[in-house]
Amino acid sequence: LFLSLHPYIPMDSDLRYHKSRSFTTENNLVNKSMGLSVQGILSLGDITDKSHGGTIVVPGFHKRFEEWVHTGLCQKGDTKCSDSLQYRFGDHDPVQSFAQHVTLRKGSLLIWDQRLAHGSTPNRSSMHRYAVPIRFFDADLLRSQKIRAKDRALVVRNNIIGCGFIDEVTDLGMDVFGLSFG
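Residues numbered from 1 in each chain as written. Predicted model: local features only at pLDDT ≥ 70, side-chain atom pairs only at ≥ 80, totals over all residues. Heavy atoms only, no water.

### Regarding the overall build of the chain
Step number 1: Of the regular secondary structure elements, the chain holds five helices and eight strands.
Step number 2: Written out in order from the N terminus, the α and β elements of the chain read β-α-β-β-α-β-β-β-β-β-α-α-α.
Step number 3: When burial is assessed residue by residue, the chain has 38% of its 182 residues classed as buried.
Step number 4: For the chain, restricting intrachain contacts to residue pairs at least 6 apart in sequence, the fraction spanning at least 24 positions comes to 80%. (Helix = DSSP H or I, 4+ residues; strand = E, 2+ residues; numbered from the N terminus. Buried < 20%, exposed > 50% of the residue type's maximum accessible area, 1.4 Å probe, protein only. Contact = heavy atoms within 4.5 Å.)

Written out as structure tokens, the structure reads:
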């Protein structure tokens, strides 16, 4: 169980996009100071049984996030807090007992506030599990960082051109993919 943001580490606004892998870094550079970020998982196959593993969440944790942060449970020097932009709950942390398994049908999109404690469990079945992680954040973060926005747009544009889809991108798509910042 973890948070895909670290409540105490500030975001690196100097992120540069030199290749597609930079988006993995972007996905993990989340801090509560960024405001609301929404994360999700698009299931490409059925996950209907706990033996398939899959997503677990702690319902309502995001509503108590600020209170939890102010309790000081994650102190400087805590091994769960160092060298990571995520916060991992310990195996014996009481929060673990509130985790619930989420079943998903193929094509389902599960979205949550990034302050929600969540994780995944191992697939103990013989079936494969396929999913696409998704994250949304306020476009103002890129508008306020012109160089970052331009670098990001260039990498996205080059990937779309490389796949032969540039003529398929609508004006709305240009905005969604951040190409209008470039």
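### Some points on the sheet that holds strand E8 (residues 131-137)
Step number 1: Taken in spatial order, the three strands line up as E6-E2-E8 in an open sheet, and their pairing is antiparallel. With partners counted over all chains shown, the strands left at the sheet margins are strand E6 (109-113) and E8, one partner each. In this sheet, adjacent strand axes meet at a mean angle of 20° when their direction is disregarded.
Step number 2: When strand E2 (residues 37-43) meets E6, the two strands line up antiparallel, connected through five bridges. Pairing of Ile41 across the sheet is with Leu110, part of E6. (Pairing = 2+ DSSP bridges. Axes fitted to C-alpha atoms, helices over the stretch in contact; angles between N-to-C directions.)

### With respect to the pattern of salt bridges
Step number 1: On inspection of all chains with the given rule, the structure shows three salt bridges.
Step number 2: The residue Arg105 makes a salt bridge to Asp46 at a minimum N-O spacing of 3.5 Å. Of the two residues, Arg105 sits in the loop between strand E5 (100-101) and E6 while Asp46 sits in the loop between E2 and strand E3 (54-57), which places them 59 residues apart along the sequence.
Step number 3: One salt bridge in this structure joins Glu67 and Arg64, with 2.8 Å as the shortest N-O distance. (Salt bridge = Lys/Arg side-chain N within 4 Å of Asp/Glu carboxyl O.)

### Quick look at the layout of surface pockets
Step number 1: Put simply, the largest pocket is a space of about 800 Å³.
Step number 2: Lining the largest pocket are 23 residues, with Glu26, Arg135, Arg152, Val176 and Phe177 sitting closest to its centre.
Step number 3: Among the secondary structure elements, those contributing two or more residues to the lining of the largest pocket are helix H1 (22-28), E8, helix H3 (140-143), helix H4 (146-162) and helix H5 (171-176).
Step number 4: Sort the elements by how many residues they give to the lining of the largest pocket and E8 lands first, with six residues.
Step number 5: Residues belonging to the lining of the largest pocket are distributed by class as follows: 14 nonpolar, three polar and six charged.
Step number 6: Put simply, the second largest pocket is a space of about 360 Å³.
Step number 7: With four residues, E2 is the largest single contributor of residues to the lining of the second largest pocket.
Step number 8: Residues belonging to the lining of the second largest pocket are distributed by class as follows: eight nonpolar, 13 polar and one charged. (1 Å grid on protein atoms, 1.4 Å probe; cavity = no way out; pocket = protein on both sides within 12 Å on 5 of 7 lines; lining within 4 Å. Points joined across faces, edges and corners; volume = space filled by probe spheres on them. Nonpolar A, V, L, I, M, F, W, Y, C, P; charged D, E, K, R; others polar.)

### Some details on the confidence of the model for the chain
One rule of thumb: low pLDDT means the predicted coordinates there are not for detailed reading.
Step number 1: Summarising the model, the chain shows a mean pLDDT of 80, and 77% of its residues fall at 70 or more.
Step number 2: At the level of individual helices and strands, the chain shows its lowest average pLDDT in H1, which scores 69, and its highest in E5, which scores 96. (pLDDT = per-residue confidence, 0-100.)

### A short note on H4
Step number 1: Between its terminal C-alpha atoms H4 stretches 24 Å, which fits the 24 Å expected from 17 residues at 1.5 Å a residue.
Step number 2: Along H4, the positions that sit buried rather than exposed are Arg148, Ala149, Asp151, Arg152, Ala153, Val155, Val156 and Ile160. (Expected span 1.5 Å × (residues − 1).)

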